[in-house]
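Structural features, examined
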Amino acid sequence: SANAEIIVPRSSDGRIHPLCAVYKASLITVIEDQIGRRDLKMVNLINRCKTCIVDFPFADSFLNINSPEEYLKYQKSTHHSN
């Protein structure tokens, strides 16, 4: 949507991915206010602002890989060699 302040991806399993979202710079005061209230939940910011959800067709479109071991496991499961 052209008026969206936040564009958030959603995978086919219904999960949204706020860390992969795009946020308008004009939200800085809203974000600072939320942090000042110690409200650190990204979903609250998403619910508070004009948000556009973009659906992705695969549940694994966004993966949380936190270590070299998890990355190697992912590579093996998808048959990637690099």
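Scoring rules and cut-offs
- Residue positions are counted from 1 within each chain, in the order its sequence is given.
- Per-residue local features are limited, in this predicted model, to residues with pLDDT of at least 70; the limit for side-chain atom pairs, both in listing and counting, is 80 or more; totals at the level of whole chains, interfaces and linings are taken over all residues.
- Each side-chain value is derived from all of the structure's non-hydrogen atoms; neither hydrogens nor water enter the calculation.
- Salt bridges are defined as contacts in which a side-chain nitrogen from Lys or Arg sits within 4 Å of a carboxyl oxygen from Asp or Glu.
- Exposure classes here rest on a 1.4 Å probe applied to the protein chains alone. A residue is buried below 20% of its type maximum, exposed above 50%, and partly exposed in between.
- Only DSSP runs of H or I with at least four residues qualify as helices, and only runs of E with at least two residues qualify as strands; both kinds are numbered from the N terminus onward.
- The pairing test for Phe, Tyr and Trp rings, Trp by its six-membered ring, is centres within 6.5 Å, and the orientation test on the planes gives stacked under 30 degrees, edge-to-face over 60, and tilted for anything in between.
- Strands are labelled as partners when DSSP assigns at least two bridges between them.
- Here pLDDT means the predictor's own confidence in every residue, given as a number from 0 to 100.

Details of the pattern of salt bridges
Using the criterion set out here, one finds three salt bridges in the structure. Where arginine 37 meets aspartate 33, a salt bridge forms, and the shortest distance between an N and an O atom there is 3.2 Å. What makes aspartate 33 partly exposed here is its relative accessible area of 33%. Residues arginine 48 and aspartate 33 are paired through a salt bridge, measuring 2.8 Å at the closest nitrogen-oxygen approach. In this pair, arginine 48 is assigned in helix 2 (residues 42-48) and aspartate 33 in helix 1 (residues 28-36), connecting sequence segments 15 residues apart. By relative accessible area, arginine 48 is classed as partly exposed at 42%. Three or more residues joined by partner-sharing salt bridges are found here, namely Asp33, Arg37 and Arg48.

What about the packing of aromatic side chains?
Taken as a whole, this structure holds one aromatic pair when the rule is applied. Relative to phenylalanine 62, the ring of phenylalanine 56 lies with its centre 5.0 Å away and its plane at 80 degrees, an arrangement referred to as edge-to-face.

Comments concerning the environment of lysine 41
Mapped onto the elements of the fold, lysine 41 is located in the loop between helix 1 and helix 2. Separated by 23 residues in the primary sequence, lysine 41 and proline 18 place their C-alpha atoms 9.8 Å from one another.

Examining the sheet that holds strand 1 (residues 6-10)
Within the open sheet, the three strands sit side by side as 2-1-3. Their pairing is mixed. The sheet is open, and its two borders are formed by strand 2 (22-23) and strand 3 (51-55), each paired with just one other strand. In this sheet, strand 2 lies alongside strand 1 in antiparallel orientation, the contact comprising two bridges. Counterpart to isoleucine 7 in the pairing with strand 2 is valine 22.

A look at the confidence of the model for the protein
In the predicted model, the protein carries a mean pLDDT of 90, and the fraction of residues at 70 or more is 94%. The least confident element of the protein is helix 3 (residues 68-78), whose mean pLDDT is 88; the most confident is helix 1, at 97.

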